[in-house]
Amino acid sequence: MFSHMRALREDKDLSQAQVADFLGIHQTTYSDYELGNINIPIETLKQLADFYHTSIDYLVDYTNDPTPYIRP
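Here is a short report on the structure shown in this document. In this text the structure is predicted, and so the values were computed from the model without any measurement.

## Here's the deal with the overall build of the protein
In step 1: In terms of regular secondary structure, the protein is built from five helices and zero strands.
In step 2: Relative to the compact-globule value of 11 Å for 72 residues, the protein shows a C-alpha radius of gyration of 11 Å, a close match.
In step 3: Considering only C-alpha atoms, the protein reaches an extent of 35 × 25 × 20 Å along its principal axes.
In step 4: Burial statistics for the protein: of 72 residues in total, 33% are counted as buried.

Next up, the structure:
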C-alpha cells in the first residue's frame, strides 16, 4: 500500500475518482495503484509527482521527505 499517495489525495480532499479522471484511467485502476496491487507506469508516476508537487520516491513510500527533486 502506498500510504503517501493516499494521504496526498486526502489532504487535497480529492476522491479516487477525481484523481483517476485527471489521469484518464478508471477509479478501480487508481485504487489498485494506491493499494499496491498493480504496478504504476512511470509516466503516471511522473504525472502524480507533478500534480502533488513531490517526488516519485515519496509517492511510493521510499522516503518520508515530500520535497520534490530539483530538475536540471
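## Re the packing of aromatic side chains
In step 1: Taken as a whole and judged by the stated rule, the model has three aromatic pairs.
In step 2: Arranged with centres 6.4 Å apart and planes meeting at 70°, the rings of tyrosine 30 and tyrosine 33 form a pair that is edge-to-face. Placement of both tyrosine 30 and tyrosine 33 in helix α3 (residues 27-35) is noted, with a separation of three residues, approximately one turn of the helix.
In step 3: Note on phenylalanine 51 and tyrosine 52: the rings are 4.9 Å apart at their centroids and 70° apart in plane angle, and the pair reads as edge-to-face.
In step 4: Within the aromatic cluster, the residues linked to one another by ring pairs are Phe22, Phe51 and Tyr52.

## Some thoughts on the packing of helix α1 (residues 3-11) against α3
In step 1: At a minimum axis separation of 7 Å, α1 and α3 run at an interaxial angle of 125°. With respect to α3, the axis of α1 lies oblique. In this structure, α1 contributes Met5, Arg6 and Arg9 to the contact, and α3 contributes Tyr30, Tyr33 and Glu34.
In step 2: For the contact of α1 with α3, the per-class residue count stands at three nonpolar, no polar and three charged.

## Description of the environment of alanine 20
In step 1: Its location among the elements puts alanine 20 in helix α2 (residues 16-23).
In step 2: Of the residues examined, alanine 20 reaches a relative accessible area of 1% and is grouped as buried.
In step 3: For the pair formed by alanine 20 and tyrosine 30, sequence separation is 10 residues and the distance between their alpha carbons is 5.8 Å.
In step 4: Sequence-distant contacts of alanine 20, defined by excluding residues within four places in its chain, comprise Ile25, His26, Gln27 and Tyr30.

Calculation notes
Residues numbered from 1 in each chain as written. Predicted model: local features only at pLDDT ≥ 70, side-chain atom pairs only at ≥ 80, totals over all residues. Heavy atoms only, no water. Helix = DSSP H or I, 4+ residues; strand = E, 2+ residues; numbered from the N terminus. Rg over C-alpha atoms; globule rule 2.2 N^0.38 Å. Buried < 20%, exposed > 50% of the residue type's maximum accessible area, 1.4 Å probe, protein only. Phe/Tyr/Trp six-rings, centres within 6.5 Å; stacked < 30°, edge-to-face > 60°. Axes fitted to C-alpha atoms, helices over the stretch in contact; angles between N-to-C directions. Parallel < 35°, antiparallel > 145°, perpendicular 65-115°, else oblique. Contact = heavy atoms within 4.5 Å. Nonpolar A, V, L, I, M, F, W, Y, C, P; charged D, E, K, R; others polar.

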